[in-house]
Amino acid sequence: MSERPYVIDEMISAKAIAARIEELSNAIQEEFRDTNKLVVVGLLRGSFVFIADLVRELDLPVEVDFLEASSYGDSMESSREVRILKDLRGQIEGRDVLVVEDIVDTGHTLKHVVGLLESRDPARLRTIALLDKPLRRETDVAANWIGFSIPDEFVVGYGIDYAQRNRNLPFIGKVRFPEV
Ligand code: PRP
């Protein structure tokens, strides 16, 4: 089956993302200025571009780790089950941790991951998401820092995919399906 044709309109430029990351990194540095090492945890796969740019702006001692979660829709329960496909390599008990998400949509992924990591007794756990879609929220989770709050649009680029494509776009774009 061939993919329905679509176009991508730029929504947030690479320059705007870089400027926002600089602001966010200043806020994170302020929060963790006394840390002896910050464990920066990227949620795979969507956060890989954001975490790469973010850690390079952080003037702090950092360690990088990754976690992969996958969520499943459940129409009967109107809730989503989140499963951990790849866990952290390192221990976080007593450590300072920053969880990095590309986008918070329903919030099930972030809520589950925060609950899981909090159960491991980190010293401090904070969260950051590049994009937030508050209109889609189904949980009471909120990231400590947000890059951009956006409307309920289908977005791609800067790590975010559509059918595993477009993660390599340097900007955030909006997918549009032209009328035929
Ligand atoms: C996307 C995104 C977030 C999650 C947000 O991941 O990267 O992790 O969904 O959705 P939620 O707030 O509704 O839980 P996806 O499962 O598409 O995997 P990917 O990161 O590998 O693209």
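See the structure above.
The structure displayed is predicted, hence computed values, not measured ones. (Residues numbered from 1 in each chain as written. Predicted model: local features only at pLDDT ≥ 70, side-chain atom pairs only at ≥ 80, totals over all residues. Heavy atoms only, no water.)

Draft legend 1. Region of interest: the overall build of the protein chain. Within the protein chain, the regular secondary structure consists of 3 helices and 9 strands. Scanning the protein chain from its N terminus toward the C terminus, one meets helices and strands in the order β-α-β-α-β-β-β-α-β-β-β-β. Here the C-alpha radius of gyration of the protein chain, 17 Å, is about what a compact globule of 180 residues would show, namely 16 Å. By its C-alpha atoms, the protein chain is 55 × 40 × 25 Å across when sized along the principal axes. Of all 180 residues assigned to the protein chain, the portion counted as buried reaches 44%. When contacts within the protein chain are restricted to residue pairs at least 6 apart in sequence, those whose partners lie at least 24 apart make up 67%. Here the protein chain carries 23 positive and 32 negative side-chain charges, and the mean point of each set is 3 Å from the other. (Helix = DSSP H or I, 4+ residues; strand = E, 2+ residues; numbered from the N terminus. Rg over C-alpha atoms; globule rule 2.2 N^0.38 Å. Buried < 20%, exposed > 50% of the residue type's maximum accessible area, 1.4 Å probe, protein only. Contact = heavy atoms within 4.5 Å. Lys, Arg positive; Asp, Glu negative; His and termini not counted. Charge placed at Lys NZ, Arg CZ, Asp CG, Glu CD.)

Draft legend 2. Examining the sheet that holds strand 1 (residues 7-12) more closely. Read across the sheet, 3 strands follow the order 1-9-8 without closing on themselves; strand pairing throughout is antiparallel. Single-partner strands in this sheet number two, and they are strand 1 and strand 8 (155-156). Two strands pair when backbone bridges link them, and strand 1 and strand 9 (residues 172-176) are joined in this way by 5 bridges, in the antiparallel orientation. Paired with Glu10 across the strands is Gly173, a residue of strand 9. (Pairing = 2+ DSSP bridges.)

Draft legend 3. Just the pairing of strand 9, in detail. Judged from the 2 bridges that link them, strand 8 and strand 9 form a sheet pairing that is antiparallel. Counted as the bridge partner of Val155 is Lys174 from strand 9.

Draft legend 4. Highlighting the packing of aromatic side chains. Counting across every chain of the model gives 5 aromatic pairs. Taken together, a centroid distance of 6.3 Å and an interplanar angle of 90° make the contact between Tyr162 and Phe177 edge-to-face. In this pair, Tyr162 is assigned in the loop between strand 8 and strand 9 and Phe177 in the segment after strand 9, connecting sequence segments 15 residues apart. Each member of the aromatic cluster is reached from another via a ring pair, and the members are Tyr6, Phe154, Tyr162 and Phe177. (Phe/Tyr/Trp six-rings, centres within 6.5 Å; stacked < 30°, edge-to-face > 60°.)

Draft legend 5. Structural detail: the nonpolar core. Ile28, Phe50, Leu98, Ile128, Leu131 and Ile172 are the most contacted members of the largest nonpolar core, which has 28 residues in total. Those elements that place two or more of their residues in this core are helix 1 (14-31), strand 2 (38-44), helix 2 (48-57), strand 5 (96-104), strand 6 (124-132) and strand 7 (145-149). If one sorts the elements of this core by residue count, helix 2 sits on top with 5 residues. Setting aside its immediate chain neighbours within four residues, Ile128 contacts Leu24, Ile28, Phe50, Leu54, Leu98, Val99, Val100, Glu101, Ala143 and Trp145. (Core = buried A, V, L, I, M, F, W, Y, C linked by side-chain atoms within 4.5 Å.)

Draft legend 6. Fine view of the pattern of salt bridges. For the coordinates displayed, the defined rule picks out 16 salt bridges. Between Glu31 and Arg126 there is a salt bridge; the shortest N-O distance is 2.8 Å. Separated by 95 residues along the polypeptide, Glu31 in helix 1 and Arg126 in strand 6 bring together distant segments of the chain. By relative accessible area, Arg126 is classed as partly exposed at 24%. The residue Arg167 makes a salt bridge to Asp161 at a minimum N-O spacing of 3.4 Å. (Salt bridge = Lys/Arg side-chain N within 4 Å of Asp/Glu carboxyl O.)

Draft legend 7. Examining the site of the ligand more closely. In the region of the ligand, 15 residues are neighbours, and Arg80, Asp102, Thr106, Gly107 and Thr109 sit closest. In this structure, Asp102 approaches the ligand through a side-chain N or O atom, which is 2.7 Å from an oxygen atom. With respect to the ligand, the side chain of Thr109 contributes an N or O atom lying 2.5 Å from an oxygen atom. A total of 500 Å² of accessible area belongs to the ligand in isolation, and the protein chains cover 80% of it. It is strand 5 that provides the largest number of residues to the shell around the ligand, a total of 4 residues. Considering only residue class, the shell around the ligand consists of 3 nonpolar, 5 polar and 7 charged. (Near = heavy atom within 4 Å. Polar contact = N/O pair within 3.5 Å; in protein donor to acceptor, adjacent residues only side chain to side chain. Areas by Shrake-Rupley, 256 points an atom, 1.4 Å probe, with all protein chains shown as cover. Nonpolar A, V, L, I, M, F, W, Y, C, P; charged D, E, K, R; others polar.)

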